Amino acid sequence: MCSIAKDIGIDLGTASVLVYVKGKGVVLNEPSVVAMDKTTGKLLKVGAEAQAMLGRTPGNVVAMRPLQGGVISDHEMTVRLLQTLFRKATKTGLFTPKPRVVISVPSGVSEVEERSVINAAIEAGARRVFLIEEPLAAGLGAGLDIRGPSGHLVVDIGGGTTDIAVLSMNGVAVSSSLKVAGNYFDEMIARYVRRQHGVVIGQVTAENVKIQIGQVYPRDEERSMNVKGRDFKTGMPKVITLTSTEIFEVLRRPARMITDEVLAVLEQTSPELVSDISENGITLTGGCSQIWGMDLLIAERTGIGCVLADDPDACTAYGAGKSLAWINHMQEGPINIARKRAMRG
Ligand code: ADP
Ligand code: MG
């Protein structure tokens, strides 16, 4: 029996958690959702199975997202989530040694938040915990040479936040985070459908609309899809047809907020790094960067080439996984991102 613990890399996101096992790659990609019994406090389901329960749970069951905006909002449930995923990923038994874990954390975290991620991972069964700043992991996972002096710009559009960062020499030179990302897009779509069509749709349906026919840049062919919701007035089920043209109108403004922030970050970046970025191009990562036309929109607004990374939703996990190669040289415990941020001014 092999009893060497496997090192693992984790992208602990608001929307999804990905687990990378050294030597194997990304072995798990699950929604960050847990379902529990309210009366007994017992954990019922984790990940995709728990997500299927969102919005349709019976009275005593609650399905929830223990991470909000990239940070832990429910400690106990995050521990349970991680515990289950560690077990699934490494198939550990009672006597297998505990893994060393690299976890990515958003650039905006406080020291307290860093510690809470570390504690949750330890409680969930990690032997030692190392943190990596999310944009560095995303850039690394996207295949950028982030260790050299040349500057790169990574825009990661996830569920809760969009994180924009200029990377150079294994560090973050400038960064910004805004709460306009996938969830916000979904919310705007649901609100629009209610106002314009008088139909109430759930979060999962709104997300589907975004993925199927969402766009943030003009497109030649119009597409449409039928969605089922509840008539706001009668309370009865109703099917309506939505077109990509109307969803484009809904998403224009939030997409513009993202490009405005990219421009603001470029304005704060030194001329040397901006010149590197204009040569290297802008890299898009994160699940929601796949919405149609995001690359085209950012390229048009900035005048800089923009490329969607391969496997954009797995980049951060790949990066955390790649960093396992130098885990012996990494600093264990808090890395004090907040202080680094303050020193950047
Ligand atoms: P996080 O890092 O916050 O966990 P992810 O990077 O996993 O988030 O991205 C999740 C977001 O990406 C969700 O809002 C989801 O709806 C969105 N998303 C996933 N696939 C697509 C797609 N093909 N088109 C548009 N949005 C997508
Ligand atoms: Mg992410």
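What you see is a predicted model, and the numbers here were worked out from it, not measured in a lab.

Cut-offs used in this document
- Residues numbered from 1 in each chain as written.
- Chains lettered and ligands numbered in written order.
- Predicted model: local features only at pLDDT ≥ 70, side-chain atom pairs only at ≥ 80, totals over all residues.
- Heavy atoms only, no water.
- Disulfide = S-S within 2.5 Å.
- Phe/Tyr/Trp six-rings, centres within 6.5 Å; stacked < 30°, edge-to-face > 60°.
- Lys NZ or Arg CZ within 6 Å of the ring centre and 35° of its normal.
- Salt bridge = Lys/Arg side-chain N within 4 Å of Asp/Glu carboxyl O.
- Helix = DSSP H or I, 4+ residues; strand = E, 2+ residues; numbered from the N terminus.
- Buried < 20%, exposed > 50% of the residue type's maximum accessible area, 1.4 Å probe, protein only.
- Pairing = 2+ DSSP bridges.
- Axes fitted to C-alpha atoms, helices over the stretch in contact; angles between N-to-C directions.
- Polar contact = N/O pair within 3.5 Å; in protein donor to acceptor, adjacent residues only side chain to side chain.
- Near = heavy atom within 4 Å.
- Areas by Shrake-Rupley, 256 points an atom, 1.4 Å probe, with all protein chains shown as cover.
- 1 Å grid on protein atoms, 1.4 Å probe; cavity = no way out; pocket = protein on both sides within 12 Å on 5 of 7 lines; lining within 4 Å.
- Sits in = over half its atoms within 2 Å of the grid points.
- Nonpolar A, V, L, I, M, F, W, Y, C, P; charged D, E, K, R; others polar.
- Lys, Arg positive; Asp, Glu negative; His and termini not counted.
- Contact = heavy atoms within 4.5 Å.
- Points joined across faces, edges and corners; volume = space filled by probe spheres on them.

**Student:** Would you mind going over the state of the cysteines with me for this structure?
**Tutor:** By definition, a disulfide links the sulfur atoms of two cysteine residues through a covalent bond. Under the counting rule described, the total for this entry stands at zero disulfides. Just so you know, C306 is unpaired, no disulfide at all, and the nearest cysteine sulfur is the one on C315, 13 Å from it.

**Student:** Help me out: how do you make sense of the packing of aromatic side chains in this one?
**Tutor:** In this description, a pair of aromatic rings is defined by centroid distance and the angle of the planes. By the definition in use, this model includes zero aromatic pairs. Lying across the ring of W326, R147 places its NZ or CZ 4.1 Å from the centre.

**Student:** What should I look at first to understand the pattern of salt bridges in this one?
**Tutor:** Working definition: two side chains of opposite charge can pair if their charged atoms are close together. Evaluation of the coordinates by the stated rule reveals 12 salt bridges. For R80, the salt bridge identified is with E76, shortest N-O distance 3.7 Å. One end of the pair is R80 and the other is E76, both in helix α2 (residues 75-90) and four residues apart, which spans about a single turn. Overall, E76 belongs to the partly exposed group, its relative accessible area being 42%. Linking D260 and R256 is a salt bridge whose minimum nitrogen-to-oxygen distance equals 4.0 Å.

**Student:** Hey, could you run me through the sheet that holds strand β17 (residues 282-285) in this one?
**Tutor:** Each strand in a sheet pairs with its neighbour through backbone hydrogen bonds, running either in the same direction (parallel) or in the opposite one (antiparallel). In spatial order, the strands read β13-β12-β11-β17-β18; together these five strands make up an open sheet with mixed pairing. Across the chains shown, the open sheet's two edge strands, defined by having one partner strand only, are β13 (171-178) and β18 (306-308). Here the average twist between neighbouring strands, direction ignored, is 20 degrees. Pairing of strand β12 (residues 162-168) with β13, which is carried by seven bridges, proceeds in the antiparallel orientation. Opposite T162, over in β13, you have L178 as the bridge partner.

**Student:** Help me understand the environment of T241, please; the structure alone is not making it clear to me.
**Tutor:** Take T241: it is sitting in strand β16 (residues 237-243). In sequence terms T241 and K228 are 13 residues apart; their C-alpha atoms lie 8.9 Å from each other. Within the structure, the side chain of T241 is placed 2.7 Å from the side chain of N226, a separation counted as a polar contact.

**Student:** When you look at the site of ligand 1 in this model, what are you seeing that I'm missing?
**Tutor:** Taken together, 17 residues form the shell around ligand 1, and within it A15, S16, E207, K210 and G287 come nearest. A distance of 2.5 Å is found between an oxygen atom of ligand 1 and a side-chain nitrogen or oxygen belonging to E207. Contact with the protein chains removes 85% of the 580 Å² of surface that ligand 1 exposes when unbound. The cavity that encloses ligand 1 is the largest pocket. The set of elements that each furnish at least two residues to the shell around ligand 1 consists of α5 (182-197) and α6 (203-213). No other element matches α6, which puts three residues into the shell around ligand 1. Looking at the shell around ligand 1 residue by residue, the class counts come to four nonpolar, 11 polar and two charged.

**Student:** What should I look at first to understand the side chain of D156 in this one?
**Tutor:** One can find D156 in strand β11 (residues 152-157). It is K210 that comes nearest to the buried, bridge-free D156 among opposite-charge side chains, at 12 Å. There is a polar contact of 2.8 Å between the side chain of D156 and the side chain of T285.

**Student:** What am I meant to see in the pairing of strand β3 (residues 25-31) here?
**Tutor:** In regular strands, side chains alternate between the two faces of the sheet. With six bridges joining them, strand β2 (residues 16-21) and β3 adopt antiparallel strand pairing. For L18, the partnering residue across the bridge sits in β3 and is N29. Linking two consecutive strands that pair antiparallel, namely β2 and β3, is a turn of three residues; a positive phi of about 85 degrees is found at G23 within it.

**Student:** Quick question: what am I supposed to make of the sheet that holds strand β6 (residues 61-64) here?
**Tutor:** A sheet is described by the order of its strands in space; here three strands give the open sequence β5-β4-β6, paired in antiparallel fashion. Either end of the sheet is taken by a strand with one partner, and the two such strands are β5 (43-46) and β6. Between one strand and the next, the sheet's axes are offset by a mean angle of 20 degrees, whatever the strand orientation. Where strand β4 (residues 34-37) and β5 come together, three bridges link them in antiparallel fashion. Residue V34 lies in a different strand from β5, and its bridge partner there is V46. Running over the sheet, α2 touches β4, β5 and β6 and is turned about 60 degrees from β5.

**Student:** Teacher, can you tell me more about the layout of surface pockets here?
**Tutor:** Empty pockets left among the atoms are what a rolling probe the size of a water molecule brings to light. Each pocket or cavity is described by its volume, and for the largest pocket that value is around 880 Å³. Around the largest pocket sit 42 residues that line it, and A15, G158, G159, G287 and C288 are the ones nearest its centre. The set of elements that each furnish at least two residues to the lining of the largest pocket consists of β1 (8-12), β3, α5, α6 and α10 (315-322). Counting residues per element, the lining of the largest pocket draws most heavily on α6, which supplies five residues. Its residues placed into classes, the lining of the largest pocket shows 10 nonpolar, 20 polar and 12 charged. Taken as a whole, the second largest pocket spans an internal volume of roughly 360 Å³. Forming the walls of the second largest pocket are 17 residues, and the residues nearest its centre are L131, I132, L136, N170 and K340. Mapped by element, the contributors of at least two residues to the lining of the second largest pocket are β10 (128-133), α4 (134-141), β13 and α11 (337-344). Looking at which element gives the most residues to the lining of the second largest pocket, the answer is β10, with three residues. Across the lining of the second largest pocket, the residue classes break down as nine nonpolar, four polar and four charged.

Nothing here speaks to function; it is all geometry.
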